[in-house]
Amino acid sequence: MSYFNDPKKDKIKRTLKQVFINDVDLYSSKWISKFLSERLIGGNSETIEDDVEKEVEDRKDEERERGSSFLNSSPAFHVVGTVQEEITETTWVKEQYFDDEDLPFTDANFRTRRAHPNFRKHIDLEKKVVKLGKTNKTMFPTYVVVSGLQYGMGEQIFHIFFKMSWLGLESEIPVYGDGSNFVPTIHVNALASIIHNLIDCPPQPYYLIAVDTANNNMEEIVKAVASVLGPGKITQRPFEDIYLDQDLSMMEIDSLRVNLHMEAVCLREWFTSVQWVCESGLVENMEFVVEEYRQTRGLLPIRLCVIGPPAVGKTTVSKKICEHYRLHHITVTETISEALAQLEDATQNEDSDEESEDAAMEERKLLKEDMAQNGGYLSEHLLVKLMKNKLLSNPCKNQGFVLDGFPMTFPQARETFFAEDHESEDEATHIFSPSKNIMPEFVLYLEASDTFLRDRVINLSEKLAQEHNYQEECFLQSLAKYRQKNMEDETVVNYFDELEIPTQYLTISCETDDRFLIQKIFDTVGVPRNYGRGTQEVQVQERRQCADRMRREHQQREDEEMKEIEEARQRTARWEKWTAALREVKDQEEELLEAHSVPLRNYLMKHVMPPLTVGLIECCSNQPQDPVDFLAEYLIKNNPVTY
């Protein structure tokens, strides 16, 4: 398809710009490429003529009618680039030193900088690019864009802190070093917008600094990540500990040591149409960046609720789901115990103030008294409060959860899952709007007959029966109470049905195959939406697999040796048996032959040997010329037997 004959089409063709980006499979290059590929040339200015725009739209309509595709966003950037197999991301920030460290580093200071030895190659490359640009400024203009550490769209350099916080395996997120180093930053899409403006409207200065307006140090950044995404606590560790993390490259480690205050002066003078993302910095926009991080990496929580009669197997199913999807198993008993333990720790925490300790002590006392008054159970409103706080915790919001046997009633479900932001001030017109942050995505309803449940409880060991309070009398009361609640008009299942939450009904019986049941649940919920195994987990798994393989090989060799020994033993036994049988047959043949030869031997001894002996004596005495004829004639004449 050609556009060179029509002047208007020629104009469209001329507006296309090809952008080459090296290593487009890396973090910065990937998102800059994506940003440019979705933007029009001159999209930030009035450079596109109306007739060209009209021609583009007309051409799109023509091609659409003919079933073919025109350029998606013509006139647009055409991005091409290279990829590399081994990803070794390079950052655009250089740790540099200049004369006055108290003043911010600006575009005008680039001649006074001194590069850190680890970034010497960056400076050499920069000088080569600038030199090439000076040879022919009209044909090959060159610019050096020195950006802050990029963040956003799934993270790269700061990913270690986001991942630690999201996983929730650390009670405190580490700050490597003292955390006082100032870190220049910029959102990767803001950087892409700056490059877009630079291509559209080339500025006069060739050295530009691209950073946001923030001036945060490393400790502030890590603390913000931990507060929004993780446990909310940080701890300082020696910087050398960062080398223990095998997921970090040396370039990323060097980048985290940057200590530089930068200001983008020329950028704001020359470009007024930059589409800033998080212009005030990472710390100020942490909630937006965290949500972007979740969406980009697909780290979406999976929330399930497993309900059903007592002893139907809710806990067993819940644990298998949690193990497969790496979710948090939420039960009423464990939540109450955890809340009491946290309040106990708060009252003994030396870092907390006196007011916080008093509040924790008062709340713990309230819970203890309420449980004492209700026979070891919490009142409805206190139980709902604890369960809701648990579901709103960062670990549950990050990975998701499986609610085991809760809620048990319609009012409990309504109070637990309603969004407080929509609560009406007038209690008479109280509207329970569900909260999207904690509302289960799937509900699993396990059902079984009373006979099956009774038989299951009877066959339980005494220890398990006491642990789950499944003594016969208590269990029958709990089962009857559950059946009575589910005969009402408003049940937990009705609550989820009204909100159109998918409910999967699973019948448990003696014929139920547990593996088939669990696989059916996995097929309904789908694939996990969290991190795969980390480097250390992969190495542990590989070592475990290697050990298992070596163990299997060793066992296989031992089995083969035992097999060979057994075969040799059997072979020897068969040979001995065959030899004995052969010897026995031979003896029998000899005995038979001996038995058959006795009459002939007797005949010879009686009738043949005497005359033969005499004939031989006569032959020796007479010494005839032909002894054979002599002996034959003698035997014929003296034969005692007449035939």
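Residues numbered from 1 in each chain as written. Predicted model: local features only at pLDDT ≥ 70, side-chain atom pairs only at ≥ 80, totals over all residues. Heavy atoms only, no water.

Participant: Describe the overall build of the chain, with residues and values.
Facilitator: Across its full length, the chain carries 23 helices and 15 strands. Burial statistics for the chain: of 643 residues in total, 38% are counted as buried. In the chain, the share of contacts with a sequence separation of at least 24, taken over all contacts with a separation of at least 6, comes to 77%. Accessible area for the chain stands at about 39,000 Å²; split by element, carbon and sulfur atoms hold 51% of it. (Helix = DSSP H or I, 4+ residues; strand = E, 2+ residues; numbered from the N terminus. Buried < 20%, exposed > 50% of the residue type's maximum accessible area, 1.4 Å probe, protein only. Contact = heavy atoms within 4.5 Å. Areas by Shrake-Rupley, 256 points an atom, 1.4 Å probe, with all protein chains shown as cover.)

Participant: Pulling in residues and values, what's your account of the side chain of Asp245?
Facilitator: Along the polypeptide, Asp245 turns up in the loop between β10 (234–237) and α8 (250–255). Residues within four places of Asp245 in sequence aside, it is in contact with Ile160 and Met164.

Participant: Kindly report on the sheet that holds strand β13 (residues 400–404), identifying the contributing residues and their values.
Facilitator: Read across the open sheet, the five strands follow the order β12-β13-β11-β14-β15; overall the sheet is parallel. A single partner strand is all that each edge strand has here, and the edge strands are β12 (328–330) and β15 (503–507). Strand-to-strand, the axes of this sheet are offset by a mean angle of 20°, without reference to chain direction. Where strand β11 (residues 302–307) and β13 come together, five bridges link them in parallel fashion. Residue Leu304 lies in a different strand from β13, and its bridge partner there is Val402. (Pairing = 2+ DSSP bridges. Axes fitted to C-alpha atoms, helices over the stretch in contact; angles between N-to-C directions.)

Participant: Can you break down empty space enclosed by the protein residue by residue, with the values?
Facilitator: Scanning the entire structure with this criterion turns up one cavity of 30 Å³ or more. In this structure, the largest cavity is lined by Val183, Pro184, Ala214, Asn215, Leu260, His261 and Met262. Looking at side-chain class alone, the lining of the largest cavity contains five nonpolar, two polar and no charged residues. (1 Å grid on protein atoms, 1.4 Å probe; cavity = no way out; pocket = protein on both sides within 12 Å on 5 of 7 lines; lining within 4 Å. Points joined across faces, edges and corners; volume = space filled by probe spheres on them. Nonpolar A, V, L, I, M, F, W, Y, C, P; charged D, E, K, R; others polar.)

Participant: Describe unusual backbone geometry, and please don't skip the residues or the numbers.
Facilitator: Residue Pro407 follows Phe406 across a cis peptide bond; omega there is 0°. Its location among the elements puts Pro407 in the loop between β13 and α16 (410–417). If you check the backbone angles, Arg326 has positive phi at about 60° while not being a glycine. Within the element layout of this structure, Arg326 appears in the loop between α11 (314–325) and β12.

Participant: Go over the state of the cysteines, please, and point to the residues and values.
Facilitator: Throughout this description, disulfide means a covalent bond between two cysteine sulfur atoms. For the structure shown, the criterion picks out zero disulfides. In this structure Cys620 is a free cysteine whose sulfur lies 5.8 Å from that of Cys619, the closest cysteine sulfur available. Given the relative accessible area of 57%, Cys620 is considered exposed. (Disulfide = S-S within 2.5 Å.)

Participant: Describe a negative patch on the surface, listing the residues and the values that go with them.
Facilitator: A cluster of acidic residues, Asp353, Glu354, Glu355, Asp358, Glu362 and Glu369, forms a negative patch on the protein surface. Relative to the assigned elements, Glu369 resides in helix α13 (residues 354–373). Residue classification places Glu369 among the partly exposed positions, given a relative accessible area of 41%. (Patch = residues over 30% accessible without salt bridge, like charges linked within 9 Å, V, L, I, M, F, W, Y side chains within 5 Å. Salt bridge = Lys/Arg side-chain N within 4 Å of Asp/Glu carboxyl O. Lys, Arg positive; Asp, Glu negative; His and termini not counted. Charge placed at Lys NZ, Arg CZ, Asp CG, Glu CD.)

Participant: Hey, could you go over the pattern of salt bridges for me, with residue numbers and the actual values?
Facilitator: Per the counting criterion, the structure on display carries twelve salt bridges. The partner of Glu447 in a salt bridge is Arg483, and the shortest N-O contact between them spans 3.2 Å. Note that Glu447 is positioned in strand β14 (residues 442–447) and Arg483 in helix α19 (residues 472–485), a separation of 36 residues in sequence. Given a relative accessible area of 22%, Glu447 falls into the partly exposed group.

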